[in-house]
Amino acid sequence: MKPAPFDYHAPRQLNEAAELLATLPNAKILAGGQSLVPMMNFRYVIVDHLVDLGGVEDLRGIAVGEGRLRIGAMVRQRDLELSPDVAQHCPLLAEALRHVGHRQTRNRGTIGGSLAHADPAAELPAICAAYDAVVHVASVRGIRPVPFREFSAGFMATVLAPDEMITTIDLPLWPEGSGHGFHEFARRQGDFALAGAAALLDVDATGIVRRAALALFGVAEQPVRLDAAEAALTGKPLDLTSIQTAAAAAWLIEPISDIHASGEYRRHLAQVLSARALTDAARRSGVEL
Amino acid sequence: MGKQATRISVNGKSHARVVDARLTLADFLRHELGLTGTHLGCEHGVCGACTVLVDGRAARSCLMFAVQANGCEVTTVEGLTPDDGLSVLQQAFIDNHGLQCGFCTPGMLITLTELLRDNADPSEQEVREALSGNLCRCTGYAGIVAAALDAAQRLRDLSGNS
């Protein structure tokens, strides 16, 4: 239960970090360490070099402007949870954060670390999927924006090159008055969810859905947007029947089976949780159901 | 390979050491400083026994390297105890049967110290949610929750019946 030896690097500047990642062999980034360090303690992960981004000031900060919430990759999950900007502008993110691990791990864990780790049952990647986040990625070759739909690359994999790091995450803001809903099912508080759903709805004054987003997690190798459900809702009025019909699109996915739950059970959960998340989102956008 | 200088303030006292980069903060506290009040249960971030305050925030010391705590202020269970007697929370644990074998207690005390500092009047649900990151294998949660709520009440009384 002790990690294998490694050399430790603590850059203060972004370009210094990029240079280290470009030159050091078998190097890995240390963000909050709440997933990486257990893997190192088990020696699932053995590295020669650890590049700790904890001291890079440029990777911190939460800012609202130009129609988006911009979050530094090294912002701790607990800071997001307590941020008035997040609560006001991205309430779906705020709600999901309460389900991320435990307070003691949120105190250290970062949003960038969660996205790079890409656990299929993790909440934050699903929230980024729902918001159509843009992930900015840096290396010695410069910074490139990656739309979240292109960020995942299968089970616990991303399009990040070994020498790339996430710098910021942009969440495009939804109009004021939009509704959100978040539901997950885990066997114990703080456990990874067996399945979960995150929903956003923008409804006009006459009750017609202008835009819908529904992201599921824990049911596939990566977070999935339920495009069929979104299409079924858009342009129509909301009621309990239309929500149930849309949520039924969750039957299209083919979830993973593992020791925690069968794929069939996950698919059942996906449908139920989708309906609950959409119902909350509808009510919060002012629709009476 | 991997030696690194680190300076960590623990319970108000600064300690400078050259340590293996792979040394966890938990092992630093126990083996370098002899502060064995911080317990190690699982060493992979599940049990919460090793929880300490890092710059005032509860964190698992098995999931941090000592070199990451360079420049930080760390508080262990030893640092929660006044020179004379016990803290209000510790006394509440005794009075409410909040510990049996005592292995999880240091982590419980640290977690609850953070909670009660940030929330003077937590609901039972809030206490249980905060404690979800700490396992008690004696399963004495009822006593621990009672101790937390009792300590919160006593601390409110002490701070002027607000």
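No experiment lies behind these values; they were computed from the predicted model shown. (Residues numbered from 1 in each chain as written. Chains lettered and ligands numbered in written order. Predicted model: local features only at pLDDT ≥ 70, side-chain atom pairs only at ≥ 80, totals over all residues.)

### What to know about the sheet that holds strand β12 (residues 224-225) of chain A
All names here are of chain A. The strand order β9-β10-β11-β12 describes an open sheet built from 4 strands, whose pairing is antiparallel. Both edges of this open sheet fall to β9 (179-185) and β12, since each of them pairs with a single strand only. One ladder, built from 8 bridges, connects strand β10 (residues 195-203) with strand β11 (residues 209-217); its direction is antiparallel. Within β11, the position partnered with Ala-197 by the bridge is Leu-216. On the sheet, helix α8 (residues 123-131) packs against β10, β11 and β12 and is oriented at approximately 155 degrees with respect to β11. Relative to β9, helix α11 (residues 263-284) is tilted by about 155 degrees, and along the sheet it contacts β9, β10 and β11. (Pairing = 2+ DSSP bridges. Helix = DSSP H or I, 4+ residues; strand = E, 2+ residues; numbered from the N terminus. Contact = placed C-beta atoms within 7 Å. Axes fitted to C-alpha atoms, helices over the stretch in contact; angles between N-to-C directions.)

### Quick look at the domain arrangement of chain B
One widely used convention gives an interface's size as the accessible area the parts lose upon coming together. All names here are of chain B. In terms of domain boundaries, chain B breaks down into domain 1 (3-80) and domain 2 (88-158). Put simply, the middle of domain 1 and the middle of domain 2, counted by C-alpha atoms, are 22 Å apart. Facing 15 residues of domain 1, the contacting portion of domain 2 comprises 12 residues. Breaking the side of domain 1 that touches domain 2 down by element, the ones donating at least two residues are β3 (51-54), β4 (57-60) and α2 (77-80). Residues that form the side of domain 1 that touches domain 2 fall into these classes: 8 nonpolar, 6 polar and 1 charged. (Domains from an automatic or database assignment. Nonpolar A, V, L, I, M, F, W, Y, C, P; charged D, E, K, R; others polar.)

### Description of the sheet that holds β3 of chain B
In sheet architecture, strand pairing relies on hydrogen bonds along the backbone and comes in two forms, parallel and antiparallel. All names here are of chain B. Within the open sheet, the 5 strands sit side by side as β2-β1-β5-β3-β4. Their pairing is mixed. Strand pairing shows two members of the sheet lacking a second neighbour, β2 (13-20) and β4, which therefore form its edges. Direction aside, neighbouring strands of the sheet carry axes that sit 40 degrees apart on average. In this structure, β3 lies alongside β4, joined through 4 bridges in antiparallel fashion. Bridge pairing links Thr-51 to Arg-60 in β4. Its contacts with the sheet put helix α4 (residues 105-118) on β3 and β4, and the angle it makes with β3 is roughly 35 degrees.

### Details of the pairing of β3 of chain B
Residues Thr-51 and Leu-53 of chain B line one face of β3 of chain B and the alternating positions Val-52 and Val-54 of chain B line the opposite face, and both faces are buried. Hairpin connection, β3 of chain B to β4 of chain B: the antiparallel pair is bridged by 2 residues, and Asp-55 of chain B has positive phi, about 50 degrees. (Buried ≥ 20, exposed ≤ 12 C-beta atoms within 10 Å, placed from the backbone.)

### What about the packing of α4 of chain B against helix α6 (residues 141-158) of chain B?
Residues and elements named next belong to chain B. Between α4 and α6, the shortest axis-to-axis distance is 11 Å and the interhelical angle comes to 40 degrees. With respect to each other, α4 and α6 are oriented oblique. Here α4 runs over α6; the crossing is right-handed. Of α6, the residues touching α4 (which contributes Met-108, Leu-112 and Leu-116) are Ile-144, Ala-148, Ala-151, Ala-152 and Leu-155. Partitioned by chemical class, the residues of the contact of α4 with α6 number 8 nonpolar, no polar and no charged. (Parallel < 35°, antiparallel > 145°, perpendicular 65-115°, else oblique. Left-handed = near helix turned anticlockwise from the far one by under 90°.)

### Here's the deal with α6 of chain B
Residues and elements named next belong to chain B. Between its terminal C-alpha atoms α6 stretches 25 Å, which fits the 26 Å expected from 18 residues at 1.5 Å a residue. Looking at α6, one finds that the buried residues are Ile-144, Ala-147, Ala-148, Ala-151 and Ala-152. Along the long axis of α6, the arc covered by the buried residues comes to 135 degrees, so they all point the same way. Facing away from the buried surface of α6 by more than 90 degrees, the exposed residues are Ala-142 and Asp-157. (Expected span 1.5 Å × (residues − 1). Arc of directions from axis to C-beta.)

### Regarding the confidence of the model for chain B
The predicted model of chain B has a mean per-residue pLDDT of 96, with 98% of residues at 70 or higher. Model confidence for the complex: the whole-complex pTM is 0.96, and ipTM, which rates the interface, is 0.96. (pLDDT = per-residue confidence, 0-100.)

### Focus on unusual backbone geometry
All names here are of chain B. The residue Asn-11 is not glycine, and still its phi comes out positive at about 50 degrees. One can find Asn-11 in the loop between β1 (3-10) and β2. If you check the backbone angles, Asp-55 has positive phi at about 50 degrees while not being a glycine. Tracing the sequence through the fold places Asp-55 in the loop between β3 and β4.

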